[in-house]
Amino acid sequence: MERELHEECGVFGIYGSDNAANITYYGLHSLQHRGQEATGILVKNEHEFTLYKGEGLVSEVFSAEKISRLSGDIAIGHVRYSTAGGGGIANVQPLLFRTMQGSLGIAHNGNIVNSNPLKEQLEKQGSIFSSTSDTEIIAHLIKRESGRMIDRLCQALTQLEGAFAFLILMDHALFVARDKYGLRPLSIGQMSDGAYVIASETCAFEVIGARFIRDVQPGEVIRIKDGQLKSTFYTKKTSHHLCAMEYIYFSRPDSHLEKINVHTARKHSGKILYKEAPVKDIDVVIGVPDSSISAAIGYAEAAQAPYEIGLIKNKYVGRTFIQPTQQMREQGVRMKLSVISSIVKDKKVVMLDDSIVRGTTSKRIVSLLKEAGAKEVHVRIASPAIRFPCFYGVDTSTVEELISKKMNNEQLCQYIGADSLAFISEKGIQEAIYIDHPQGLCMACFNGHYVTDLYDNET
């Protein structure tokens, strides 16, 4: 049986601004790279919750008129992309739940690995689910606990296993929670007027003029109420295992994750990759835009070879990595990349890419470069080989589709048509990211060392 795919998403929240919906719109726009198929904004004012969501880009779903109808000083927003089994308007977040004791809205980035046993348990107790999203589980768990909201939330969170960054909007408070492993990123900032903002990436703070305050810590729950932050931890058993793919691929280069700049980490990876897998007599180094440019610059600097823009990306075509079907991915490569032939013609080219998942994109790019007259194409990958599926909210496909699981390096090199192929080592990527800040990373998609039990998920 093929494992159901999950999604990579982005969340944004704001507390204490009269322009909450407007600011959330711009925050989500800056997080658009984290999900391009659906978005939503939930706003709270003194009298009511107002939710608007839809399938499409942030700029497509929201207009000035729609934003103007979302009045309130607290808001949460979400961007996502759907994969097999995860689409439909019912799964578009934020999710809004109305009860006799008040309403609550939830936005979530990540994946709950014990969702199925929890759903089964909750259904036996009378719960009815209106979506197939694992995000809905937290609302049912909160409702079944008693006491103060912070206590109910902590008791609910202790039952979840996996990756999550939650924004939970209540009548008069905004709650923020991060999983105990720190698998998904989440940061807090503050506007000049004192409003607090929360985002999956710090790049969202730049566009709205917010000042970065700090990261939400693994296992931490923060209540924002009456302009004050109150912190607690739902567990003492915490660790730092931020997803390595956040640095390698997902996050924007201007973001800082756990105080480490993404561009700098990627550039370091390129330099280390040259030390581990040098190519002699290079004519030109190019990167596959956009997430591989930083690594290509680092490789070129270490090799003392010229870096050039050899591939041009059509900015108006979505990421092939997150298209839901193989046919769309293959067509997407043709639509989104073209070669500057004068840069690569009769040259010995080193091409940097961030990862190889299914191999079809790499094969097509190498073919494009050789069609444009490249004499040799040496492929260098700024991540270790992906051999295991991710169960924490990143689409690295099913194990059957991971080409590095089926082929060794020599076979894969031949398959993509490259003159040579090398991946950075696990030690190398750790050094590149945490060169000055020794920390933990989740690298389960490279080595199969999952930080949680997998329950009924299949490898």
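About the thresholds
- Within each chain, residues carry numbers counting from 1 in the order of the written sequence.
- Local features in a predicted model are, by the rule used here, given only for residues with pLDDT of at least 70; side-chain atom pairs are given and counted only at 80 or more, and totals for whole chains, interfaces and linings are based on all residues.
- Only heavy atoms go into the side-chain values, all of them from the structure, while hydrogens and water stay out.
- A run of DSSP states H or I qualifies as a helix once it reaches four residues; a run of E qualifies as a strand once it reaches two. Both are numbered from the N-terminal end.
- The globule rule used for comparison is 2.2 Å times the number of residues to the exponent 0.38, while the radius of gyration itself is calculated over C-alpha atoms.
- Using a 1.4 Å probe on the protein chains alone, a residue whose accessible area is under 20% of its type maximum counts as buried, one over 50% counts as exposed, and one in between counts as partly exposed.
- Contacts were defined at the residue level, with two residues in contact if any of their heavy atoms lie within 4.5 Å.
- Note on areas: Shrake-Rupley, 1.4 Å probe, and residue coverage restricted to the protein chains presented here.
- By this definition, two strands are paired if DSSP reports at least two bridges between them.
- Helix axes are fitted to C-alpha atoms over the stretch in contact, other axes to C-alpha atoms as well, and angles between N-to-C directions run from 0 to 180 degrees.
- Buried Ala, Val, Leu, Ile, Met, Phe, Trp, Tyr and Cys residues that are joined via side-chain atoms within 4.5 Å together make up what is termed a nonpolar core.
- For every residue, the predictor assigns a confidence score, pLDDT, that lies between 0 and 100.
- The cut-offs work like this: below 35 degrees is roughly parallel, past 145 is roughly antiparallel, 65 to 115 is roughly perpendicular, and the gaps in between are oblique.
- Two helices crossing with the near one rotated counterclockwise from the far one by less than a right angle form a left-handed crossing, whereas a clockwise rotation gives a right-handed crossing.
- Under the convention adopted here, Pro, Cys and the residues Ala, Val, Leu, Ile, Met, Phe, Trp and Tyr are nonpolar, Asp, Glu, Lys and Arg are charged, and Gly plus all remaining residues are polar.
- In summary, the pairing rule links any two rings of Phe, Tyr or Trp, Trp by its six-membered ring, whose centres are within 6.5 Å, and it sorts them by plane angle into stacked for under 30 degrees, edge-to-face for over 60 and tilted for everything else.
- Salt bridge, as used here, is a side-chain nitrogen of Lys or Arg placed within 4 Å of a carboxyl oxygen of Asp or Glu.

Secondary structure assignment for the protein yields 17 helices and 23 strands. For 459 residues, the compact-globule formula gives about 23 Å, and the C-alpha radius of gyration of the protein, at 22 Å, lands near that figure. Expressed as lengths along the three principal axes of its C-alpha atoms, the size of the protein is roughly 70 × 45 × 40 Å. Classification of the 459 residues of the protein by burial places 60% in the buried group. Relative to all contacts within the protein whose residues are 6 or more apart in sequence, the contacts with residues 24 or more apart total 68%. As displayed, the protein offers around 18,600 Å² of accessible surface, 48% of which is attributable to carbon and sulfur atoms.

Moving on: the sheet that holds strand β7 (residues 162-169). The sheet built from six strands is open, its strands ordered β5-β6-β7-β8-β12-β13 with antiparallel pairing. Here the strands that pair on one side only, and so sit at the sheet edges, are β5 (95-99) and β13 (228-233). Direction aside, neighbouring strands of the sheet carry axes that sit 20° apart on average. Bridge analysis of β7 against strand β8 (residues 174-178) gives five bridges, and the strand direction is antiparallel. In the sheet register, A165 faces β8, and the bridge partner there is R178.

Turning our eyes to something else, we now look at the sheet that holds strand β21 (residues 376-381). Overall, parallel pairing links the four strands, which are arranged β17-β20-β21-β22 in an open sheet. Two strands bound the open sheet, and with one partner strand each, they are β17 (284-287) and β22 (420-423). Mean inter-strand twist for the sheet, computed between neighbouring axes without regard to direction, equals 20°. Across four bridges, β17 lies against strand β20 (residues 348-353) in parallel orientation. Bridge pairing in β20 links V284 to V349. Packed on one face of the sheet, helix α15 (residues 409-416) meets β21 and β22 and runs near 125° to β22.

What follows covers the nonpolar core. Ranked by size, the top nonpolar core spans 51 residues in total, and within it M245, Y247, V285 and Y392 carry the most contacts. Ranked by residue count, the leading element in this core is helix α8 (residues 244-250), at six residues. The residues contacting M245, other than those within four sequence positions of it, are F250, S355, I386, C445 and F446. By size, the runner-up hydrophobic cluster in this structure holds 29 residues, among which are I106, I137, I150 and Y234.

A few words now on the pairing of β22. Of the two faces of β22, the one holding S420 and A422 and the one holding L421 and F423 are both buried throughout. Where β21 lies against β22, four bridges are found, and the strand directions are parallel. Paired with R380 across the bridge in β22 is A422.

Let us look at the confidence of the model for the protein. On average, residues of the protein carry a pLDDT of 90, and 90% of them reach 70 or more. Here residues 1-7 is a poorly scored stretch, pLDDT under 50, and it has 26 contacts once near neighbours within four places are set aside; other chains count.

Right, let's talk about the packing of helix α9 (residues 262-276) against helix α10 (residues 293-303) for a bit. Two elements in contact, α9 and α10, have axes whose closest approach is 6 Å; the angle formed by their N-to-C orientations is 40°. Accordingly, the angle class assigned to the pair α9 and α10 is oblique. Two packed elements cross with a definite hand, and for α9 against α10 that hand is right-handed. Between α9 and α10, the contacting residues are H263, R266, K267, S269, G270, K271, L273 and Y274 on the first element and S294, A295, I297, G298, Y299, E301, A302 and A303 on the second. Of the residues that constitute the contact of α9 with α10, the class distribution is seven nonpolar, five polar and four charged.

So, on to the packing of aromatic side chains. Tallied over the full model, the rule gives ten aromatic pairs. Where Y25 meets Y26, the ring centres are 5.3 Å apart and the plane angle is 85°; that geometry is what we call edge-to-face. Of the residues examined, Y25 reaches a relative accessible area of 16% and is grouped as buried. Centre to centre, the rings of Y247 and Y434 are 6.1 Å apart; their planes meet at 75°, and the pair counts as edge-to-face. One end of the pair, Y247, is in helix α8; the other, Y434, is in the loop between α16 (426-433) and β23 (441-442), with 187 residues separating them in the sequence. Of the residues examined, Y247 reaches a relative accessible area of 1% and is grouped as buried.

This brings us to unusual backbone geometry. A cis amide bond, omega 5°, links Q93 with the succeeding residue P94. Within the secondary structure layout, P94 lies in the loop between β4 (74-80) and β5. Here the bond from P289 into D290 is cis, since omega is 0°, no more than 30 degrees from zero. In this structure, D290 sits in the loop between β17 and α10.

Taken across its nine residues, helix α5 (residues 136-144) has seven buried, putting it largely inside the fold. Listing the buried residues of α5 in full gives E136, I137, I138, A139, H140, L141 and I142. Among the structural elements, β5, β6 (102-112), α4 (115-124), α6 (149-157) and β7 are those in contact with the buried residues of α5.

A separate point is the pattern of salt bridges. This structure, assessed with the given rule, holds 15 salt bridges. Between E120 and K124 there is a salt bridge, and its shortest N-O distance comes to 3.9 Å. Within this pair, E120 and its partner K124 are both found in helix α4, separated by four residues, close to a single helical turn. Judged by relative accessible area, K124 falls into the exposed class, the value being 70%. Between R178 and E258 there is a salt bridge whose closest N-O contact spans 3.3 Å. Of this pair, R178 sits in strand β8 while E258 sits in the loop between β15 (256-257) and β16 (260-261), and the two are 80 residues apart along the sequence. Overall, E258 belongs to the buried group, its relative accessible area being 10%.

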